[in-house]
Amino acid sequence: MSSRRTEQAEINERRRLGKLQGGDEAVRKQHARGKLTIRERILGVLDAESFSEIGPLAGSSERSDAGELIFTPANFVLGFGRIGGRRCIAAGEDFTMNAGSPNPAGLRKSIYTEEVALRYRLPLVRLHEGSGASITGSGGKNAPTLPEPVYAPNRFESMARCLNAVPVVSAALGAVAGLPAGRLAASHYTVMTRSAQILAGGPALVERALGVKVTKEELGGPDIHARSGLVDDVVEDEKAAFERIRQFLSYLPHNVWELPPKAPPRDPLAEAAGALETIVPSNRRRTYDVRKVMDGIFDQFSVFEMGRRFGPGQITAFARLCGHSVGVFASDPRHYAGSLTAEGAQKVRRFVDLCQLFHVPIVTLVDEPGFMIGPEAEAAATIRHGAAALAAVALSTVPWASVIIRKSMGLGAYAHKPTGTFVLAWPSAESGAIPVEGGVAIAFKREIDAAPDPGAKRAELEEQFATLQSPFRQAEAFAFHDIIHPVETRARLAEWIDMAGPKLAGELGPPRFGFRP
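One structure accompanies this document, and this report is about it.

What counts, and at which threshold
All chains use their own residue numbering, which begins from 1 and follows the written sequence. Totals for whole chains, interfaces and linings use every residue, but because this is a predicted model, local features are given only for residues with pLDDT of at least 70 and side-chain atom pairs only at 80 or more, for both listing and counting. Remark: hydrogens and water are excluded; side-chain values derive from all non-hydrogen atoms of the structure. Secondary structure follows DSSP: runs of H or I at least 4 residues long count as helices, runs of E at least 2 residues long count as strands, and numbering of each begins at the N terminus. Each reported salt bridge corresponds to a side-chain nitrogen of Lys or Arg within 4 Å of a carboxyl oxygen of Asp or Glu. Three labels apply to residues, based on accessible area from a 1.4 Å probe with only protein chains included: buried if under 20% of the type maximum, exposed if over 50%, partly exposed otherwise in between. The term nonpolar core refers to a set of buried residues drawn from Ala, Val, Leu, Ile, Met, Phe, Trp, Tyr and Cys, joined through side-chain atoms within 4.5 Å. A contact between two residues is defined here by any heavy atoms of the two lying within 4.5 Å. The aromatic pairing rule takes the rings of Phe, Tyr and Trp, using the six-membered ring of Trp, and pairs them if the centres are within 6.5 Å, calling planes under 30 degrees apart stacked, those over 60 edge-to-face and the rest tilted. Either the NZ atom of lysine or the CZ atom of arginine qualifies as a charge over a ring when it sits within 6 Å of the ring centre and within 35 degrees of the ring normal. To obtain an axis, a line is fitted to C-alpha atoms, over the contacting stretch when the element is a helix, and the angle between two such axes runs from 0 to 180 degrees between their N-to-C directions. Each angle gets one of four labels, with under 35 degrees taken as roughly parallel, over 145 as roughly antiparallel, 65 to 115 as roughly perpendicular, and the rest as oblique. Should the near helix be turned counterclockwise from the far one by less than a right angle, the crossing is left-handed, whereas a clockwise turn marks it as right-handed. As a working rule, the residues Ala, Val, Leu, Ile, Met, Phe, Trp, Tyr, Cys and Pro are called nonpolar, Asp, Glu, Lys and Arg charged, and the rest polar, with Gly in that last group.

It is worth spelling out the environment of Leu17 at this point. For Leu17, the location among the structural elements is in helix 1 (residues 3-18). When the C-alpha positions of Leu17 and Pro73 are compared, they lie 7.6 Å apart, and in sequence the two are 56 residues distant.

In structure tokens form, the structure reads like this:
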């Protein structure tokens, strides 16, 4: 055989061995656990026939005594692909080899992942199942790896730079610990399956360090992290995770130097749009479902909500408005009357940063009595987290539209209106420094206590001061751009987005402040 044919044969053989991953038995074990391999995951999230691997021959090799090639591939897979026809980078650990703990070539490829996303300014999709480095090093007990040299770059630098340049999405599809867990947290959107866990340190480490025995599920299972806010979504299986990733990326541009793509517009269902007129109860103490309000305003089936179980009094979502990508921040009056809690403030701040970074206009649906109060709120430093959210809103330069559905009170009102906001109000709107009930209870406590019928006196004063918070009084003072019939909301917002959209083209590039995870 000629030298060239020998080289060609070796390329083909190395490619074949690389795709075997940890071997047939390891792959069978992965499938028996109900999980896909990393290659199956990448092919599952990308468009068909679009994956082009980077570094397929990275690994290590030796020859048997018989001269047979023994090739151990990098246990990290990386490459270009497409989602919805748009280019991206996809990568992840190979759990069939060393449970995803990186071998030398795998570590090099994983470190390169963010660099290649930055170089080509493409969205990055990470599919995680694995842990960080082992104490024995990548080569085993008898071959520990050397520490990094003093001149080595900070491992987190490229991850941080990615967050300020391209959309970064991460999925936890099994046990994720150490550096992969840190990577997952450094994302714009995170999703985990019901069978996944995310851990800074696993049960053995926790027991040795703290003397506490816990399972992986108790330590970092989906119920823990849906409430902690570490993940934006918990889904049943890997297929559902891939679909959520594809949906999320559809609302965002390739990078901060581009605008989000526009989709064909789809009117809301007529029933949902018509229900807006009567959805807010006339009784101010009764609540309603603000998600139904969203269904009546935004394009049909376009609302993509994130982080539903974290800070539930505030809803954050992407949606389409006449085909345009918009961020939606809505108060949910069914949780603490829509008050801004410490968790809710963190959620809002992060979402506003995300929309600002990728030039997505924001629509806010307001029914908020202000910051949450009480002992628990003070212990959670609510006002500090609230101030961070207010700062993010105040510095936001993307177009904003604020629809005041009912309450817009006190300092919390500033979470819904940076300078230049287009402000509309429904007839049910109430605005003021403090909700009527609380204000009356504070200012007229002695008068109420001294009245023959304190309850009647309180009701009389509340009714009297409620008129001062009337939207018509606010409109007379030019505190709103307009009071509208609820069924007019979509049409008025459509006018706004057409006027505001061109402004975004002149503000491309990184924002004045970066995205913080």
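Attention now moves to the pattern of salt bridges. Counting across every chain of the model gives 32 salt bridges. For Asp47, the salt bridge goes to Arg246, with nearest N and O atoms at 3.0 Å. One end of the pair, Asp47, is in the loop between helix 3 (38-45) and strand 1 (52-53); the other, Arg246, is in helix 10 (residues 238-250), with 199 residues separating them in the sequence. Relative accessible area serves as the criterion here: at 26%, Arg246 is assigned to the partly exposed category. Among the salt bridges present, the one from Asp232 reaches Arg350, with a minimum N-O distance of 3.6 Å. You can see Asp232 sitting in the loop between helix 9 (222-228) and strand 10 (233-235) and its partner Arg350 sitting in helix 13 (residues 342-357), a full 118 residues away along the chain. Accessibility assignment for this pair places Asp232 and Arg350 in one class, buried. Three or more residues joined by partner-sharing salt bridges are found here, namely Asp289, Arg291, Glu305, Arg308, Asp332 and Arg334.

Now for the environment of Leu354. With respect to the helices, strands and loops of the structure, Leu354 is situated in helix 13. Once the C-alpha coordinates of Leu354 and Leu163 are considered, the two residues, 191 residues apart in sequence, prove to be 9.4 Å apart.

Here we come to the nonpolar core. With 48 residues, the main nonpolar core has Ile83, Leu127, Ile245, Phe248 and Phe318 as its most contacted residues. With seven residues, helix 13 is the single largest residue contributor to this core. When near neighbours in sequence (up to four residues on either side) are disregarded, Leu127 contacts Ile38, Arg41, Ile42, Val45, Ala91, Gly92, Glu93, Ala171, Leu173, Phe242 and Ile245.

What follows concerns the packing of aromatic side chains. Applying the stated criterion across every chain yields a total of eight aromatic pairs. The interplanar angle of 55 degrees and the centroid separation of 5.7 Å between the aromatic rings of Tyr189 and Phe304 together place this pair among those described as tilted. Of this pair, Tyr189 sits in strand 8 (residues 189-193) while Phe304 sits in strand 11 (residues 304-306), placing them 115 residues apart in sequence. For the residue pair Tyr189 and Phe304, the accessibility class agrees, reading buried in each case. Chaining the aromatic ring pairs together yields one cluster made of Tyr189, Phe248, Tyr251, Phe304, Phe318 and Phe351. Positioned over the ring face of Trp257 is Arg121, at 3.6 Å from the centre of the ring.

This next bit is on the packing of helix 3 against helix 10. Where helix 3 meets helix 10, the axes come as close as 9 Å, and the angle between the chain directions of the two elements is 45 degrees. Here helix 3 lies oblique to helix 10, going by the angle between them. The interaxial crossing formed by helix 3 with helix 10 has right-handed handedness. Across the interface between the two elements, Arg41, Gly44 and Val45 of helix 3 pack against Glu238, Phe242, Ile245 and Arg246 of helix 10. In terms of residue class, the contact of helix 3 with helix 10 is built from three nonpolar, one polar and three charged.

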